[in-house]
Amino acid sequence: MYQITINLIEILVTSFVLIYITIYISKKFDLLDHPRKGKHHLYPVPFTGGLVIAILLLYVDQRFNLKGLNINLNLILSHSIVITILGLIDDIKDIKPLTKIFLQFFPIFALADTIYLGNLGYYEFLGFVSLGSFSKIFTILCCLLYINAFNYIDGIDGLGSSITFITLNTFLIYLVINKYYIFNYSLYILSIPFIVFTFFNTSFMKLPKIFLGNAGSNLCGFFIAFLAISLAQKKLLEPALIIWPLALVVYEFISTNIIRIKNKKKLFLSGKDHIQFIIKTKFNLSNSTTVLLLVIFQILFSLLGILIYNKLNNFSSILAYIIFFIIYLNFRSRIYVKKN
(Lines give C-alpha, C1' and ligand atoms only; values in the text may rest on other atoms or scores of the structure.)
Protein backbone atom coordinates (compact mmCIF):
# COMPACT_ATOMS: atom_id res chain seq x y z
CA MET A 1 0.00 0.00 0.00
CA TYR A 2 2.91 2.35 0.82
CA GLN A 3 4.48 1.81 -2.61
CA ILE A 4 1.15 2.35 -4.36
CA THR A 5 0.79 5.70 -2.56
CA ILE A 6 4.34 6.75 -3.54
CA ASN A 7 3.68 5.80 -7.18
CA LEU A 8 0.41 7.72 -7.18
CA ILE A 9 2.10 10.84 -5.81
CA GLU A 10 4.84 10.55 -8.45
CA ILE A 11 2.28 10.34 -11.27
CA LEU A 12 0.30 13.28 -9.89
CA VAL A 13 3.38 15.50 -9.50
CA THR A 14 4.77 14.50 -12.91
CA SER A 15 1.41 15.18 -14.57
CA PHE A 16 1.08 18.65 -13.00
CA VAL A 17 4.67 19.63 -13.88
CA LEU A 18 4.53 18.33 -17.46
CA ILE A 19 1.18 20.01 -18.16
CA TYR A 20 2.55 23.33 -16.85
CA ILE A 21 5.63 22.96 -19.09
CA THR A 22 3.44 22.09 -22.10
CA ILE A 23 1.28 25.17 -21.56
CA TYR A 24 4.39 27.37 -21.40
CA ILE A 25 5.90 25.87 -24.59
CA SER A 26 2.54 26.06 -26.39
CA LYS A 27 2.32 29.78 -25.70
CA LYS A 28 5.90 30.27 -26.91
CA PHE A 29 5.23 28.55 -30.24
CA ASP A 30 1.66 29.82 -30.66
CA LEU A 31 0.09 26.36 -30.42
CA LEU A 32 -3.09 28.08 -29.34
CA ASP A 33 -6.79 27.98 -30.09
CA HIS A 34 -7.60 31.63 -30.76
CA PRO A 35 -11.08 33.05 -30.10
CA ARG A 36 -13.21 33.19 -33.23
CA LYS A 37 -16.78 32.66 -34.40
CA GLY A 38 -18.25 29.49 -32.94
CA LYS A 39 -15.79 29.49 -30.01
CA HIS A 40 -16.75 30.31 -26.43
CA HIS A 41 -13.36 31.13 -24.89
CA LEU A 42 -12.30 34.78 -24.72
CA TYR A 43 -8.52 34.38 -24.90
CA PRO A 44 -6.03 32.06 -26.68
CA VAL A 45 -5.79 28.60 -25.07
CA PRO A 46 -3.21 25.86 -25.79
CA PHE A 47 -4.70 22.94 -27.74
CA THR A 48 -1.87 20.54 -26.82
CA GLY A 49 -3.68 18.61 -24.07
CA GLY A 50 -3.83 15.42 -26.13
CA LEU A 51 -0.09 15.51 -26.78
CA VAL A 52 0.84 15.94 -23.12
CA ILE A 53 -1.53 13.14 -22.06
CA ALA A 54 0.02 10.81 -24.66
CA ILE A 55 3.49 11.62 -23.31
CA LEU A 56 2.31 11.02 -19.75
CA LEU A 57 0.76 7.65 -20.67
CA LEU A 58 4.02 6.56 -22.30
CA TYR A 59 5.96 7.77 -19.25
CA VAL A 60 3.71 5.85 -16.84
CA ASP A 61 3.94 2.73 -19.01
CA GLN A 62 7.74 2.80 -19.15
CA ARG A 63 8.33 4.04 -15.60
CA PHE A 64 6.21 1.37 -13.94
CA ASN A 65 6.78 -1.37 -16.51
CA LEU A 66 3.08 -2.02 -17.01
CA LYS A 67 2.26 -5.56 -18.03
CA GLY A 68 -1.41 -5.21 -17.29
CA LEU A 69 -3.37 -8.34 -18.09
CA ASN A 70 -1.27 -9.23 -21.11
CA ILE A 71 -3.52 -6.94 -23.14
CA ASN A 72 -0.75 -5.34 -25.22
CA LEU A 73 -0.79 -2.05 -23.32
CA ASN A 74 2.69 -1.18 -24.57
CA LEU A 75 1.66 -1.74 -28.17
CA ILE A 76 -1.56 0.26 -27.83
CA LEU A 77 0.24 3.20 -26.19
CA SER A 78 3.06 3.28 -28.74
CA HIS A 79 0.54 3.48 -31.59
CA SER A 80 -1.49 6.05 -29.65
CA ILE A 81 1.27 8.64 -30.11
CA VAL A 82 0.86 8.37 -33.91
CA ILE A 83 -2.90 9.00 -33.85
CA THR A 84 -2.28 11.86 -31.38
CA ILE A 85 0.22 13.57 -33.71
CA LEU A 86 -2.27 13.27 -36.59
CA GLY A 87 -4.84 14.97 -34.38
CA LEU A 88 -2.34 17.70 -33.52
CA ILE A 89 -1.77 18.34 -37.22
CA ASP A 90 -5.55 18.65 -37.55
CA ASP A 91 -5.57 21.20 -34.70
CA ILE A 92 -2.94 23.25 -36.51
CA LYS A 93 -4.07 22.88 -40.13
CA ASP A 94 -7.82 22.17 -39.73
CA ILE A 95 -7.92 19.08 -41.96
CA LYS A 96 -11.11 18.25 -43.89
CA PRO A 97 -13.28 15.47 -42.33
CA LEU A 98 -12.74 12.85 -45.04
CA THR A 99 -8.97 13.51 -45.11
CA LYS A 100 -8.94 13.15 -41.32
CA ILE A 101 -10.65 9.75 -41.51
CA PHE A 102 -8.23 8.68 -44.26
CA LEU A 103 -5.23 9.54 -42.06
CA GLN A 104 -6.75 7.84 -39.01
CA PHE A 105 -7.01 4.64 -41.01
CA PHE A 106 -3.25 3.97 -41.13
CA PRO A 107 -2.36 3.66 -37.39
CA ILE A 108 -5.61 1.73 -36.87
CA PHE A 109 -4.77 -0.62 -39.73
CA ALA A 110 -1.25 -1.16 -38.36
CA LEU A 111 -2.45 -2.06 -34.84
CA ALA A 112 -5.42 -4.13 -36.06
CA ASP A 113 -2.93 -6.59 -37.51
CA THR A 114 -2.19 -7.67 -33.91
CA ILE A 115 -5.20 -6.55 -31.87
CA TYR A 116 -8.50 -7.45 -33.48
CA LEU A 117 -11.93 -8.79 -32.61
CA GLY A 118 -12.07 -12.38 -33.80
CA ASN A 119 -15.58 -13.06 -32.52
CA LEU A 120 -18.52 -11.37 -30.82
CA GLY A 121 -18.90 -14.05 -28.14
CA TYR A 122 -21.52 -16.70 -27.43
CA TYR A 123 -25.23 -15.84 -27.46
CA GLU A 124 -28.25 -17.85 -26.48
CA PHE A 125 -30.40 -18.74 -29.54
CA LEU A 126 -27.53 -17.72 -31.85
CA GLY A 127 -24.54 -19.72 -30.66
CA PHE A 128 -20.92 -18.62 -31.07
CA VAL A 129 -20.64 -15.60 -33.41
CA SER A 130 -17.32 -15.74 -35.27
CA LEU A 131 -16.19 -12.90 -37.54
CA GLY A 132 -13.77 -15.09 -39.50
CA SER A 133 -12.00 -13.28 -42.33
CA PHE A 134 -14.04 -10.15 -41.54
CA SER A 135 -12.30 -9.80 -38.13
CA LYS A 136 -9.73 -7.14 -38.99
CA ILE A 137 -12.05 -5.15 -41.24
CA PHE A 138 -14.68 -5.12 -38.47
CA THR A 139 -12.04 -4.00 -35.97
CA ILE A 140 -10.90 -1.13 -38.20
CA LEU A 141 -14.48 0.06 -38.76
CA CYS A 142 -15.28 -0.10 -35.04
CA CYS A 143 -12.18 1.91 -34.15
CA LEU A 144 -12.83 4.53 -36.82
CA LEU A 145 -16.40 4.86 -35.56
CA TYR A 146 -15.39 5.21 -31.91
CA ILE A 147 -12.58 7.72 -32.53
CA ASN A 148 -14.89 9.99 -34.50
CA ALA A 149 -17.72 9.36 -32.04
CA PHE A 150 -15.46 10.57 -29.24
CA ASN A 151 -14.81 13.74 -31.20
CA TYR A 152 -18.59 14.33 -31.15
CA ILE A 153 -18.87 14.01 -27.36
CA ASP A 154 -15.87 16.24 -26.69
CA GLY A 155 -16.61 19.96 -26.73
CA ILE A 156 -17.26 21.14 -23.19
CA ASP A 157 -14.35 21.59 -20.78
CA GLY A 158 -13.73 18.48 -18.72
CA LEU A 159 -16.13 16.17 -20.55
CA GLY A 160 -13.80 14.15 -22.80
CA SER A 161 -11.20 13.50 -20.10
CA SER A 162 -13.86 12.68 -17.49
CA ILE A 163 -15.55 10.17 -19.83
CA THR A 164 -12.16 8.52 -20.46
CA PHE A 165 -11.34 8.37 -16.73
CA ILE A 166 -14.73 6.78 -15.95
CA THR A 167 -14.43 4.29 -18.84
CA LEU A 168 -10.97 3.05 -17.81
CA ASN A 169 -12.03 2.58 -14.20
CA THR A 170 -15.28 0.90 -15.27
CA PHE A 171 -13.25 -1.70 -17.18
CA LEU A 172 -11.16 -2.16 -14.04
CA ILE A 173 -14.27 -2.69 -11.89
CA TYR A 174 -15.72 -5.12 -14.44
CA LEU A 175 -12.49 -7.14 -14.32
CA VAL A 176 -12.52 -7.28 -10.51
CA ILE A 177 -16.20 -8.30 -10.46
CA ASN A 178 -15.38 -11.06 -12.92
CA LYS A 179 -12.61 -12.33 -10.60
CA TYR A 180 -9.63 -10.84 -12.44
CA TYR A 181 -7.89 -9.19 -9.51
CA ILE A 182 -5.30 -6.80 -10.86
CA PHE A 183 -2.37 -6.44 -8.50
CA ASN A 184 -0.35 -4.08 -10.69
CA TYR A 185 -3.32 -1.66 -11.07
CA SER A 186 -2.37 -0.76 -14.67
CA LEU A 187 -5.70 0.68 -15.76
CA TYR A 188 -6.04 2.73 -12.58
CA ILE A 189 -2.69 4.49 -12.82
CA LEU A 190 -3.14 5.05 -16.55
CA SER A 191 -6.35 6.92 -15.75
CA ILE A 192 -4.61 9.41 -13.41
CA PRO A 193 -3.24 11.75 -16.14
CA PHE A 194 -6.79 12.16 -17.47
CA ILE A 195 -8.16 13.37 -14.14
CA VAL A 196 -5.19 15.71 -13.60
CA PHE A 197 -5.75 17.12 -17.09
CA THR A 198 -9.42 17.71 -16.18
CA PHE A 199 -8.32 20.06 -13.38
CA PHE A 200 -6.43 22.19 -15.91
CA ASN A 201 -9.08 21.90 -18.62
CA THR A 202 -11.74 23.25 -16.24
CA SER A 203 -9.37 25.81 -14.63
CA PHE A 204 -9.98 24.18 -11.25
CA MET A 205 -8.64 26.48 -8.49
CA LYS A 206 -7.55 28.93 -11.22
CA LEU A 207 -5.13 26.52 -12.90
CA PRO A 208 -4.09 27.65 -16.41
CA LYS A 209 -6.45 26.30 -19.06
CA ILE A 210 -5.46 23.80 -21.73
CA PHE A 211 -7.73 22.11 -24.30
CA LEU A 212 -7.85 18.44 -25.22
CA GLY A 213 -7.94 19.33 -28.92
CA ASN A 214 -8.47 16.92 -31.81
CA ALA A 215 -5.21 15.28 -30.75
CA GLY A 216 -6.79 14.47 -27.40
CA SER A 217 -10.10 13.19 -28.75
CA ASN A 218 -8.15 11.01 -31.22
CA LEU A 219 -6.03 9.66 -28.37
CA CYS A 220 -8.97 8.95 -26.05
CA GLY A 221 -11.03 7.25 -28.77
CA PHE A 222 -8.10 5.18 -30.06
CA PHE A 223 -6.91 4.11 -26.60
CA ILE A 224 -10.35 3.10 -25.32
CA ALA A 225 -11.34 1.33 -28.57
CA PHE A 226 -8.24 -0.86 -28.74
CA LEU A 227 -8.23 -1.48 -24.98
CA ALA A 228 -11.82 -2.75 -25.25
CA ILE A 229 -10.96 -4.95 -28.24
CA SER A 230 -7.89 -6.35 -26.48
CA LEU A 231 -9.93 -7.21 -23.38
CA ALA A 232 -12.32 -9.15 -25.62
CA GLN A 233 -9.52 -10.74 -27.65
CA LYS A 234 -7.84 -12.04 -24.46
CA LYS A 235 -11.24 -13.33 -23.25
CA LEU A 236 -11.05 -11.23 -20.09
CA LEU A 237 -14.42 -9.57 -20.73
CA GLU A 238 -17.27 -10.52 -23.06
CA PRO A 239 -18.13 -8.16 -25.94
CA ALA A 240 -21.72 -8.12 -24.63
CA LEU A 241 -20.41 -6.45 -21.47
CA ILE A 242 -17.65 -4.28 -22.96
CA ILE A 243 -20.13 -2.30 -25.07
CA TRP A 244 -21.87 -0.71 -22.06
CA PRO A 245 -19.12 1.72 -20.91
CA LEU A 246 -18.95 2.84 -24.56
CA ALA A 247 -22.72 3.34 -24.85
CA LEU A 248 -23.00 7.10 -24.32
CA VAL A 249 -20.33 7.93 -26.91
CA VAL A 250 -21.66 5.43 -29.48
CA TYR A 251 -25.33 6.32 -28.92
CA GLU A 252 -24.59 10.02 -29.35
CA PHE A 253 -22.61 9.53 -32.56
CA ILE A 254 -25.25 7.37 -34.24
CA SER A 255 -28.16 9.50 -32.98
CA THR A 256 -26.60 12.76 -34.14
CA ASN A 257 -25.97 11.39 -37.64
CA ILE A 258 -29.48 9.89 -37.91
CA ILE A 259 -30.96 13.27 -36.92
CA ARG A 260 -28.66 15.08 -39.37
CA ILE A 261 -29.74 12.79 -42.21
CA LYS A 262 -33.39 13.27 -41.27
CA ASN A 263 -32.94 17.06 -41.28
CA LYS A 264 -30.79 17.01 -44.45
CA LYS A 265 -27.69 18.34 -42.73
CA LYS A 266 -24.12 17.45 -43.67
CA LEU A 267 -22.44 14.62 -41.74
CA PHE A 268 -19.13 14.87 -39.85
CA LEU A 269 -19.08 18.67 -39.75
CA SER A 270 -18.65 20.44 -36.42
CA GLY A 271 -21.79 21.95 -34.96
CA LYS A 272 -23.80 22.59 -31.82
CA ASP A 273 -26.22 19.70 -32.36
CA HIS A 274 -24.43 17.39 -29.92
CA ILE A 275 -25.96 16.32 -26.62
CA GLN A 276 -23.61 18.42 -24.46
CA PHE A 277 -24.47 21.66 -26.25
CA ILE A 278 -28.19 20.94 -26.57
CA ILE A 279 -28.91 20.11 -22.92
CA LYS A 280 -26.66 22.96 -21.76
CA THR A 281 -28.61 25.48 -23.85
CA LYS A 282 -32.10 23.97 -23.58
CA PHE A 283 -32.02 23.58 -19.80
CA ASN A 284 -29.79 26.61 -19.16
CA LEU A 285 -27.09 24.59 -17.39
CA SER A 286 -23.54 25.56 -16.52
CA ASN A 287 -20.61 23.69 -18.10
CA SER A 288 -19.85 21.86 -14.86
CA THR A 289 -23.48 20.77 -14.38
CA THR A 290 -23.67 19.56 -17.99
CA VAL A 291 -20.49 17.52 -17.57
CA LEU A 292 -21.74 16.08 -14.27
CA LEU A 293 -25.06 15.08 -15.86
CA LEU A 294 -23.38 13.31 -18.78
CA VAL A 295 -20.90 11.58 -16.47
CA ILE A 296 -23.89 10.31 -14.47
CA PHE A 297 -25.39 8.97 -17.73
CA GLN A 298 -22.07 7.26 -18.42
CA ILE A 299 -21.99 5.65 -14.97
CA LEU A 300 -25.66 4.57 -15.18
CA PHE A 301 -25.08 2.86 -18.54
CA SER A 302 -22.06 1.06 -17.07
CA LEU A 303 -23.97 -0.08 -13.98
CA LEU A 304 -26.92 -1.14 -16.10
CA GLY A 305 -24.60 -3.19 -18.30
CA ILE A 306 -23.00 -5.20 -15.50
CA LEU A 307 -26.41 -5.74 -13.85
CA ILE A 308 -28.05 -7.11 -17.02
CA TYR A 309 -24.98 -9.15 -17.96
CA ASN A 310 -24.64 -10.81 -14.54
CA LYS A 311 -28.35 -11.31 -13.84
CA LEU A 312 -29.42 -12.40 -17.33
CA ASN A 313 -27.23 -13.44 -20.28
CA ASN A 314 -25.26 -12.20 -23.30
CA PHE A 315 -28.26 -12.15 -25.61
CA SER A 316 -30.31 -10.12 -23.12
CA SER A 317 -27.39 -7.68 -22.78
CA ILE A 318 -27.28 -7.04 -26.54
CA LEU A 319 -31.07 -6.77 -26.73
CA ALA A 320 -31.14 -4.28 -23.84
CA TYR A 321 -28.33 -2.29 -25.50
CA ILE A 322 -30.43 -1.90 -28.64
CA ILE A 323 -33.58 -1.02 -26.66
CA PHE A 324 -31.76 1.67 -24.69
CA PHE A 325 -30.33 3.07 -27.91
CA ILE A 326 -33.87 3.45 -29.26
CA ILE A 327 -34.86 5.20 -26.03
CA TYR A 328 -31.81 7.48 -26.29
CA LEU A 329 -32.52 8.27 -29.96
CA ASN A 330 -36.11 9.17 -29.07
CA PHE A 331 -34.86 11.45 -26.28
CA ARG A 332 -32.33 13.10 -28.63
CA SER A 333 -34.99 13.64 -31.29
CA ARG A 334 -37.31 15.29 -28.79
CA ILE A 335 -34.74 17.78 -27.48
CA TYR A 336 -33.25 18.51 -30.91
CA VAL A 337 -33.29 22.20 -31.75
CA LYS A 338 -33.48 22.83 -35.49
CA LYS A 339 -31.44 26.03 -35.41
CA ASN A 340 -28.47 23.89 -34.34
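See the structure printed just above.
Residues numbered from 1 in each chain as written. Predicted model: local features only at pLDDT ≥ 70, side-chain atom pairs only at ≥ 80, totals over all residues. Heavy atoms only, no water.

Q: Would you explain the packing of helix H2 (residues 49-63) against helix H3 (residues 73-93) in this entry?
A: For any two helices packed against each other, one specifies the inter-axial angle together with the distance between the axes. The geometry of H2 relative to H3 is characterised by a closest axis approach of 9 Å and an angle of 165° between their N-to-C directions. Put simply, H2 runs roughly antiparallel to H3. For H2 against H3, the interelement crossing comes out left-handed. Taking contact as the criterion, the partners of Gly50, Leu51, Ala54, Leu57, Leu58, Asp61 and Gln62 in H2 are, on H3, Asn74, Leu77, Ser78, Ile81, Thr84 and Leu88. Residues of the contact of H2 with H3, tallied by class, amount to seven nonpolar, five polar and one charged. (Axes fitted to C-alpha atoms, helices over the stretch in contact; angles between N-to-C directions. Helix = DSSP H or I, 4+ residues; strand = E, 2+ residues; numbered from the N terminus. Parallel < 35°, antiparallel > 145°, perpendicular 65-115°, else oblique. Left-handed = near helix turned anticlockwise from the far one by under 90°. Contact = heavy atoms within 4.5 Å. Nonpolar A, V, L, I, M, F, W, Y, C, P; charged D, E, K, R; others polar.)

Q: Please clarify how H3 should be interpreted in this entry.
A: At 3.6 residues per turn, the α-helix brings residues three or four places apart onto the same side. The terminal C-alpha atoms of H3, which comprises 21 residues, lie 30 Å apart, in line with the 30 Å expected from a rise of 1.5 Å per residue. Residue Asp94 follows H3 closely and has a positive phi angle near 55°. (Expected span 1.5 Å × (residues − 1).)

Q: Would you mind showing me how to read unusual backbone geometry here?
A: Of all residues except glycine, most have a negative phi; of all peptide bonds, most are trans. We note that Asp30 has phi near 60°; this positive angle belongs to a residue other than glycine. Positionally, Asp30 belongs in the loop between helix H1 (2-28) and strand E1 (32-33). With a relative accessible area of 46%, Asp30 lands in the partly exposed category. A positive phi angle, near 55°, is found at Met205, a position not held by glycine. Summarising the element assignment, Met205 is placed in the loop between helix H7 (186-201) and helix H8 (213-233). Residue Met205 is classed as exposed on the basis of its relative accessible area, which comes to 70%. (Buried < 20%, exposed > 50% of the residue type's maximum accessible area, 1.4 Å probe, protein only.)

Q: Looking at this structure, how should I read the side chain of Asn218?
A: Looking at where Asn218 falls in the secondary structure, it is placed in helix H8. A distance of 3.2 Å separates the side chain of Asn218 from the backbone oxygen of Ile83, its partner in a polar contact. Ignoring anything within four residues of it in the chain, the contact list for Asn218 reads Ile83, Leu86, Gly87, Gln104 and Ile147. (Polar contact = N/O pair within 3.5 Å; in protein donor to acceptor, adjacent residues only side chain to side chain.)

Q: I tried to follow H8 on my own but got confused; where do I start?
A: The end-to-end C-alpha distance of H8 is 30 Å, a good match for the 30 Å that 21 residues give at a rise of 1.5 Å each. Of all 21 residues making up H8, 19 are buried, and the element is well covered by its neighbours. Of the residues trailing H8, Lys235 is marked for its positive phi of about 60°.

Q: Would you explain a nonpolar patch on the surface in this entry?
A: On the surface, a cluster of nonpolar side chains totalling about 770 Å² of accessible area is made up of Ile6, Ile9, Val13, Val17, Ile21, Tyr24, Ile25 and Phe29. Its location among the elements puts Val13 in helix H1. (Patch = residues over 30% accessible without salt bridge, like charges linked within 9 Å, V, L, I, M, F, W, Y side chains within 5 Å. Areas by Shrake-Rupley, 256 points an atom, 1.4 Å probe, with all protein chains shown as cover. Salt bridge = Lys/Arg side-chain N within 4 Å of Asp/Glu carboxyl O.)

Q: I'm lost on the packing of helix H6 (residues 159-177) against helix H12 (residues 287-311) in this one. Help?
A: Here H6 crosses H12 at 20°, and the two axes come no closer than 10 Å. As judged from the angle between their axes, H6 and H12 are roughly parallel. Where H6 crosses over H12, the two elements pack in a sense that is right-handed. Two secondary-structure elements touch here, H6 through Leu159, Ser162, Ile163, Ile166, Thr167, Thr170, Tyr174 and Ile177 and H12 through Val291, Leu294, Val295, Gln298, Ile299, Ser302, Gly305, Ile306 and Asn310.

Q: Explain the pairing of strand E3 (residues 119-123) to me, please; I cannot follow it from the model alone.
A: Every regular strand shows the same layout, with side chains that alternate between the two sheet faces. In this sheet, strand E4 (residues 127-130) lies alongside E3 in antiparallel orientation, the contact comprising three bridges. Counted as the bridge partner of Tyr122 is Phe128 from E4. As consecutive antiparallel partners, E3 and E4 are separated by three residues, and within that stretch Phe125 has a phi angle of approximately 75°, a positive value. (Pairing = 2+ DSSP bridges.)

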